[in-house]
Amino acid sequence: MLTDKIALVTGASRGIGAQVAKTLAAEGAFVYVNYNGSKERADEVVNEIISAGGQAEAIQCDVADFNACKEMTDKIIADKGRLDILVNNAGITRDDLLMKMSEEAFDAVISTNLKGCFNTIRHASRFFLKQRSGKIVNLSSVSGVMGNAGQANYSAAKAGVIGLTKSVARELSSRGINCNAIAPGFIETEMTAAMTDKARETTIAMIPLGRTGKTEDIAKAVLFLASDMSDYITGQVLSVDGGMYM
Ligand code: NAP
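Rules behind the numbers
Residues numbered from 1 in each chain as written. Predicted model: local features only at pLDDT ≥ 70, side-chain atom pairs only at ≥ 80, totals over all residues. Heavy atoms only, no water. Salt bridge = Lys/Arg side-chain N within 4 Å of Asp/Glu carboxyl O. Helix = DSSP H or I, 4+ residues; strand = E, 2+ residues; numbered from the N terminus. Buried < 20%, exposed > 50% of the residue type's maximum accessible area, 1.4 Å probe, protein only. 1 Å grid on protein atoms, 1.4 Å probe; cavity = no way out; pocket = protein on both sides within 12 Å on 5 of 7 lines; lining within 4 Å. Points joined across faces, edges and corners; volume = space filled by probe spheres on them. Nonpolar A, V, L, I, M, F, W, Y, C, P; charged D, E, K, R; others polar. Near = heavy atom within 4 Å. Polar contact = N/O pair within 3.5 Å; in protein donor to acceptor, adjacent residues only side chain to side chain. Areas by Shrake-Rupley, 256 points an atom, 1.4 Å probe, with all protein chains shown as cover. Sits in = over half its atoms within 2 Å of the grid points. Pairing = 2+ DSSP bridges. Right-handed = clockwise from strand over helix to strand, strands pointing away.

Q: So what exactly am I meant to see when it comes to the pattern of salt bridges here?
A: Pairing between side chains of opposite charge can happen when their charged atoms approach one another. Here the structure, examined in full by the defined rule, presents 13 salt bridges. Here E104 and R94 are joined by a salt bridge, their closest N and O atoms 2.5 Å apart. Within this pair, whereas E104 is found in helix 4 (residues 103-131), its partner R94 is found in the loop between strand 4 (85-88) and helix 4, the two being separated by ten residues in sequence. Using a relative accessible area of 34% as the deciding quantity, one classes R94 as partly exposed. A salt bridge links D231 to K135; the shortest N-O distance between them is 2.8 Å. Within this pair, whereas D231 is found in the loop between helix 8 (215-226) and strand 7 (237-240), its partner K135 is found in strand 5 (residues 134-139), the two being separated by 96 residues in sequence. The exposure class of K135 is buried, given its relative accessible area of 9%.

Q: Looking at this structure, I do not really get the layout of surface pockets. What am I missing?
A: Over the atoms a probe the size of a water molecule is rolled, and this reveals where empty space is left. Roughly 1,300 Å³ of volume is contained in the largest pocket. Surrounding the largest pocket, 50 residues form its lining, T93, Y154, T189, M191 and T192 being those nearest its centre. Elements with a contribution of two residues or more to the lining of the largest pocket: helix 1 (15-26), strand 2 (30-35), helix 4, helix 5 (142-146), helix 6 (152-172) and helix 7 (197-205). Here the residues of the lining of the largest pocket are counted per class, giving 21 nonpolar, 24 polar and five charged. In terms of lining, the second largest pocket is formed by 15 residues, of which the most central are K5, D84, K135, A226 and D231. Of the residues that constitute the lining of the second largest pocket, the class distribution is four nonpolar, five polar and six charged.

Q: Is there a simple way to explain unusual backbone geometry in this structure?
A: When glycine is set aside, most residues are seen to have a negative phi, and most peptide bonds are trans. The phi angle at D4 is positive, at roughly 70°, despite the residue not being glycine. Backbone geometry places R132, a non-glycine residue, at a positive phi of 60°. With respect to the helices, strands and loops of the structure, R132 is situated in the loop between helix 4 and strand 5. Judged by its relative accessible area of 52%, R132 falls in the exposed class.

Q: Mind showing me how you'd approach the site of the ligand here?
A: Residues in close proximity to the ligand total 30 residues, the closest being S13, S38, N89, Y154 and T189. In the environment of the ligand, an oxygen atom lies 2.9 Å from a nitrogen or oxygen atom belonging to the backbone of N36. The contact in question runs from an oxygen atom of the ligand to an N or O atom on the side chain of K158, over 2.9 Å. Here the ligand, which alone exposes 900 Å², has 94% of that area covered by the protein. Because more than half of its atoms lie within 2 Å of the grid, the ligand is assigned to the largest pocket.

Q: So what exactly am I meant to see when it comes to the pairing of strand 5 here?
A: In summary, the side chains of a regular strand alternate between the two faces of the sheet. Within strand 5, six of the six residues are buried, which leaves it mostly tucked inside the rest of the structure. Side chains of strand 5 alternate between two faces, with G134, I136 and N138 and K135, V137 and L139 buried alike. Relative to strand 5, strand 4 runs parallel, the two being bridged by four bridges. Bridging across to strand 5, V87 finds its partner in V137. For the crossover from strand 4 across helix 4 to strand 5, the handedness is right-handed. Looking at chain direction, strand 5 and strand 6 (residues 177-184) are connected through six bridges and run parallel. When the bridges of strand 6 are listed, G134 appears paired with I177.

Purely geometric numbers; function is a separate question.
Given below as structure tokens:
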């Protein structure tokens, strides 16, 4: 489905991003596995892809750093001559109740989760515009759609990702560029592993399909939005959350 396509997946050293990288590679894409600090884990993802017969390379970059994102996209273009798919998946949480949340915790989450998407889109779009094609998939969250107590910073960033997605879609769609977002619900990764049993039970009770999500559930939706199966879809937010938000 993605033969000869070049893809960049940010935050692909573990969790949802790692699964997205493997899924796109299994469909024939050459995948750049971006990481910030976890080089060994990113190398493991790359090795797994190559062992399965796919193509991938690890690439370090802090997505919160505007200039570093330019260097990352420039390197991809220098090596491959094109970029077809950008998946903005890198994200962090610094949860706290509003009255205890530090300015630093707010800024850190906005910088990585929201500005990080702007940074990569800003630089990758130079090439998308020249090619007159490109697929951008941004990871938002059910928290960005519904809000969540204890996540003012994260919810604000993820709601911002939705506004960014729609504006980019409106601005670039006449040049053959699609930009969509996915809003995952509760997905089992290291990000959600710290949740208490009680909080987990309460969350599952809010999910009509009665279970938490797997990284594969998100990766399949990303594949759809990154492939030509979704050519007539742009500016949308696809909830992949077991029906939590409807
Ligand atoms: P995760 O397991 O914590 O993995 C986060 C990934 O992001 C890691 O690969 C990490 O790599 C990378 N990362 C963090 N900061 C970075 C930076 N500044 N630059 C580049 N990479 C960075 O998270 P996840 O659960 O897979 O979540 C993936 C995405 O889905 C996030 O955007 C998250 O907000 C969103 N999401 C998740 C859930 C869920 O239930 N899990 C629900 C809704 C939305 P390094 O260790 O190398 O920094």
